[in-house]
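What follows is the residue order along each chain.
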Amino acid sequence: MRAMSLRCNVIAVVLGALAGASGARANPLDMYGFGPRGASLAGAVGADVADTSAVYYNPAGLGRLRGLRVDLGYQYAAPTLRTDRRDNGVEATRGILGGIAAPGRVFGVPMAIGIAFHIPDAGLSQSPAPAASQPRWALYGARLQRAYVATALTIAPVRWLRLAAGFALTVGTAGGVAAEGRVSTTHPATSALSHTLDADLTAARYAQLGAQADLGRGVSVGVTYRDAFVMEVGVDASLRGQLVEGPAEDPRSPATPFAYALRARTMAAFQPRQVAMSAAWQINPRWRAGIDLTWSQWSRYEDPSAPRAALRLYDTLTPRFGLSYDAPLGRHAVALRAGYFWDPTPVPAQTGATTLIDSNRHGFSVGVGAVLRRLGAALPGSLSVDAFAALHLLRPRATRKLDPTDPVGDFIASGHVLATGVNLSVGFE
Amino acid sequence: MRRPALLLATLLLPQAAYASPQDLFGYGPRAAAMGATGATFLDDYAAVHANPAALSRARGRRLTLGYVGAAFRLRYDGAPVSAENGSAMILGVTAELPFGGALRHRLGVGVGLVLPTDVVVRARVRRPETPQFLLLPDRVQSIAVQLGLGADLGHGLRVGVGATALAGLRGAVVLRADETGQPAAGFDERVVATWAPIAGISWERGPWRVALAYRGELVARLDVTVDARGLGVPVAPLNLSGVAQYDPHQLQLEGAWARGPWTVALALTGKRWSDFQRVREATVEGASPRPPLTELHDTVVVRAGVERRWDLTDRTGVTARAGAFFEPSPAPPPTASRGYLDNDRLAITAGLAMHAVVGSTRFSADLYGQLHALLPREGEGSNGRAVTYGGTVGVAGMTASVDF
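Owing to the predicted nature of the structure, the values given are computational and were not obtained by experimental measurement.

1. A look at the pairing of strand 18 (residues 345-358) of chain B
Residue and element names in this part refer to chain B. With 12 bridges joining them, strand 16 (residues 316-327) and strand 18 adopt antiparallel strand pairing. Residue pairing in the sheet places Ala 320 in a bridge with Leu 352 of strand 18. For strand 18 and strand 19 (residues 361-380), the ladder comprises 14 bridges, and the chain directions are antiparallel. Residue pairing for strand 19: Thr 349 is matched across the bridge by Gln 370. Between strand 18 and the antiparallel strand that follows it, strand 19, lie two residues; Gly 359 among them carries a positive phi value of about 65°.

Given below as structure tokens:
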């Protein structure tokens, strides 16, 4: 390559649209849940969530709070994802999460505001741009290293109804870097390169809406809407100047101009529009059951590096079920929880040039919680500790390429994810 | 002579983002209208920046929503400099932590979010010889995420801690030739969080108040490496990096007198700019000219603010505010090889607030404005001759708050 460069008078190479593939889940919460209670009930909490995780699950749930509440926790998910039984080394997701919610009244109407966040240890976002043809797990890995910060406002116009609106934001980048100067091939120490940098960290906002209604006899229903968003990341890099044989500062040295330009465009994140219908039944003071059905509009996904017809994802319907048992211990209480969901993959069979890897997912979860009430004059409310563990099983899925010379070839994908988390809450009811 | 000057000014780019908008203009409508004072008397979300100890004054819960904008009129060598105006949305929440017993009315928390309408952080790092305003105007294009906790220790003594967060970028581009000899590339980027601590203490006795607030150094870097050795460029990976945002270590000492409807505050803010030594690093260590030092020096900002409240009825009132501050420039005059421009800044501030209690709900609305004069200054232009530069900055904002 170097010999070629020196032979040419001008070398101008444009490295075109780079990769740009495979943004998928916009945040780890869609994949693993937000906080131990919601995660242990498999996310089937949209109808009766009543802590700061409501900002994510259904912001109308903030209206159930009877006092200021502060949550702080940590969540960890370790995927073991394989193709042909080889571990693909997909990165774990871990991060701190929490929130604060404050209920009150305006003109006598109950209202509440909440702020919730999840900050991955690995950073606020990560946007690798692998080659378009490179096989990759579409919904996992770096794409889940994305911060979630959201806020919501809830009002309860009548006693049995709560309405909420809010927004979430996430971070991407756009900009460019450039370097130019004289580079000596024989005396590198005399090279003189300088650079400029012009970049914006951009914010994408998307709406979240929710409603909850109490129907009596312990039955509540809810609906949650999360808007779609696409976060595209673009970086332009240019490198130009002269390759010099001899000292770079010597104007008599033979010089060959060169120029390289890179335009990288990748879809860093795609969140499908989602609508979740939820119901919860407080069967008796101890038993509670919940169900949730989430529609995700994956069909709007567009891979900038592949024709839409070649990679048209399917919309999905994800059913979720949760069951909890609360046992009073004096003025305190403990809770046992379990849940299950089935998340069908939106990725169609990958028989052509693209190779997004994914499979249907079964999620099993269990959790435990303890509520300690009236711990003294200083804390008239409650202190809660919750924990969960979940196992997500990805059913084996075979990929058969139509082209027998396809460099990726046929393979079978499978795997599982182990997730766990803890949370500490202070409630000032 | 006029035409080259205009051309040069057109080439000037509104430049990077050193220090944040809250550092430039103050934080929150009350502080911004009172000369960016506030460490002694704030009781709303803005205390997360001015002095988190003041959050212990929070009673009940307050939600604040607002909008702020800044417009720049900068001039270089007699010609206007293109500068993008900035605007941001404001969200603030304060709440008393309603513990009982000995902790009753002792603790308060606050969260403040200033979200620019366009970007989270803007970074433009130019070649050092390019004339560029060092501390304006892209500084307003920066998110402010701040939270704090304040405690009332009794006997008029309050303490508080908090943090402010920003984002930086790390990226890597690898250029190479693939198996067929065609150029290929790989790209990876990661947005990372960076944060700085805020701590404060205040003491009050009768109408007198004094406060000391510390704000840590906040640095957001953009670091991108480009490795082109695979394409035959015989140099080590290029380090295309720069500082996107920089808030220096700060210590603010403030005294105030508050009696009845009047509040008067005076403050001194020391800023350790001398730690900010370089805007950028060498493109290739050992094979690039070393970028010049900024040669910034430490500064002391003088601030003053006054407030007068009129209670129209027992449930309504208006408040007028005014203030000023003088912020000396930390930058030396520019030279031909270091085109960093900055001016001493004299700011006049004013504001108006109204509040009403309807039923059991208290509402308030705040308006404020600032006019900054960048005092004219002379330095050496890129062509070696003398140039003058300066300008004005206008800031306006409004917020609405409800106690609930």
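Moving on from the model shown.
2. As for the pattern of salt bridges
Scanning the entire structure with this criterion turns up 28 salt bridges over all chains. With a shortest N-O distance of 3.0 Å, Glu 180 of chain A and Arg 240 of chain A are connected by a salt bridge. Highlighted residues: Glu 180 of chain A in strand 9 (residues 161-184) and Arg 240 of chain A in strand 12 (residues 229-244), separated in sequence by 60 residues. Accessibility expressed as a relative area gives 28% for Glu 180 of chain A, which makes it partly exposed. Among the salt bridges present, the one from Arg 385 of chain B reaches Asp 77 of chain B, with a minimum N-O distance of 2.6 Å. Residue Arg 385 of chain B is found in the loop between strand 19 and strand 20 (386-403), and its partner Asp 77 of chain B is found in the loop between strand 1 (61-76) and strand 2 (79-81); the two are separated by 308 residues along the sequence. Since its relative accessible area comes to 26%, Arg 385 of chain B is described here as partly exposed. A relative accessible area of 15% places Asp 77 of chain B in the buried class. Via salt bridges that share partners, Arg 57, Arg 106, Asp 152, Arg 158 and Glu 204 of chain B belong to a single interconnected network.

3. Thoughts on the packing of aromatic side chains
Residues and elements named next belong to chain A. Summed over the entire model, instances satisfying the criterion amount to 16 aromatic pairs over all chains. Taken together, a centroid distance of 4.9 Å and an interplanar angle of 55° make the contact between Trp 287 and Tyr 325 tilted. With Trp 287 in strand 15 (residues 287-297) and Tyr 325 in strand 16 (residues 316-329), this residue pair connects regions lying 38 residues apart in the sequence. Residue Trp 287 is classed as partly exposed on the basis of its relative accessible area, which comes to 36%. Look at Tyr 325 and you get partly exposed, because its relative accessible area is 22%.

4. Details of empty space enclosed by the protein
Residues and elements named next belong to chain A. In the structure shown here, the tally under the stated rule is 13 cavities of 30 Å³ or more. Reported here for the largest cavity is a volume of approximately 290 Å³. Taken together, 27 residues line the largest cavity, and the ones lying closest to its centre are Leu 29, Asp 30, Gly 43, Tyr 56 and Arg 320. Among the secondary structure elements, those contributing two or more residues to the lining of the largest cavity are helix 2 (28-32), helix 4 (54-57), strand 14 (273-282), strand 15, strand 16, strand 17 (332-343) and strand 20 (382-399).

5. So, unusual backbone geometry
Of note, the phi angle at Arg 217 of chain A is positive, near 55°, even though the residue is not glycine. Structurally, the position occupied by Arg 217 of chain A is in the loop between strand 10 (192-216) and strand 11 (219-226). Look at Asp 77 of chain B: it is not a glycine, yet its phi comes out positive at around 55°.

6. Observations regarding the nonpolar core
Taken as a class, soluble globular proteins show a tendency for nonpolar side chains to be buried jointly. With 69 residues, the main nonpolar core has Leu 63, Val 226 and Leu 238 of chain B as its most contacted residues. Tallying contributions element by element places strand 11 (residues 218-230) of chain B first for this core, with six residues. Residues within four places of Val 226 of chain B in sequence aside, it is in contact with Val 177 of chain A together with Val 173, Leu 175, Pro 237, Leu 238 and Leu 240 of chain B. Among the nonpolar cores identified, the runner-up in size contains 38 residues, and Val 48, Val 68, Ile 90 and Tyr 368 of chain B belong to it.

7. Here's the deal with the pairing of strand 16 of chain B
Residues and elements named next belong to chain B. Only one face of strand 16 is buried, namely the one carrying Gly 317, Thr 319, Arg 321, Gly 323, Phe 325 and Glu 327, since none of Thr 316, Val 318, Ala 320, Ala 322, Ala 324 and Phe 326 on the opposite face is buried. In this sheet, strand 16 lies alongside strand 15 (residues 299-311) in antiparallel orientation, the contact comprising 10 bridges. Counterpart to Ala 304 in the pairing with strand 16 is Ala 324. Joining the antiparallel neighbours strand 15 and strand 16 is a turn of four residues.

8. A short note on the environment of Arg 170 of chain B
Residue and element names in this part refer to chain B. Along the chain, Arg 170 falls in strand 8 (residues 157-177). Sequence separation of Arg 170 and Pro 131 is 39 residues, and the distance between their C-alpha atoms is 27 Å. Excluding its chain neighbours within four sequence positions, the residues that come into contact with Arg 170 are Asp 188, Glu 189, Arg 190, Val 192 and Asp 223.

Cut-off values and rules
Per chain, the residues get numbers from 1 upward, laid out in the order the sequence is written. All chains are assigned letters beginning at A, and all ligands numbers beginning at 1, according to the order in which they are written. Local features are withheld for residues below a pLDDT of 70 in this predicted model, meaning they are given only at 70 or higher, and side-chain atom pairs are given and counted only at 80 or more; totals for whole chains, interfaces and linings count all residues. As a convention, hydrogens and water are excluded, and side-chain values are obtained from all of the structure's heavy atoms. Here, strands pair whenever DSSP counts at least two bridges between them. Note on conventions: DSSP H or I runs of at least 4 residues are helices, E runs of at least 2 residues are strands, and numbering of each starts at the N terminus. A pairing counts as a salt bridge when a side-chain nitrogen of Lys or Arg comes within 4 Å of a carboxyl oxygen of Asp or Glu. Exposure is judged per residue with a 1.4 Å probe applied to protein chains only, and the accessible area is read against the type maximum: over 50% gives exposed, under 20% gives buried, and values in between give partly exposed. The pairing test for Phe, Tyr and Trp rings, Trp by its six-membered ring, is centres within 6.5 Å, and the orientation test on the planes gives stacked under 30 degrees, edge-to-face over 60, and tilted for anything in between. Detection works on a 1 Å grid of protein atoms alone, calling trapped sets that fit a 1.4 Å probe cavities and calling open sets with protein on both sides within 12 Å along at least five of seven lines pockets, with lining residues defined by an atom within 4 Å of a point. Grid points are joined across faces, edges and corners, and a volume is the space filled by probe spheres set on the points. By convention a nonpolar core is built from buried Ala, Val, Leu, Ile, Met, Phe, Trp, Tyr and Cys residues, the set being connected through side-chain atoms within 4.5 Å. In what follows, residue pairs with any heavy atoms lying within 4.5 Å of each other are defined as contacts.

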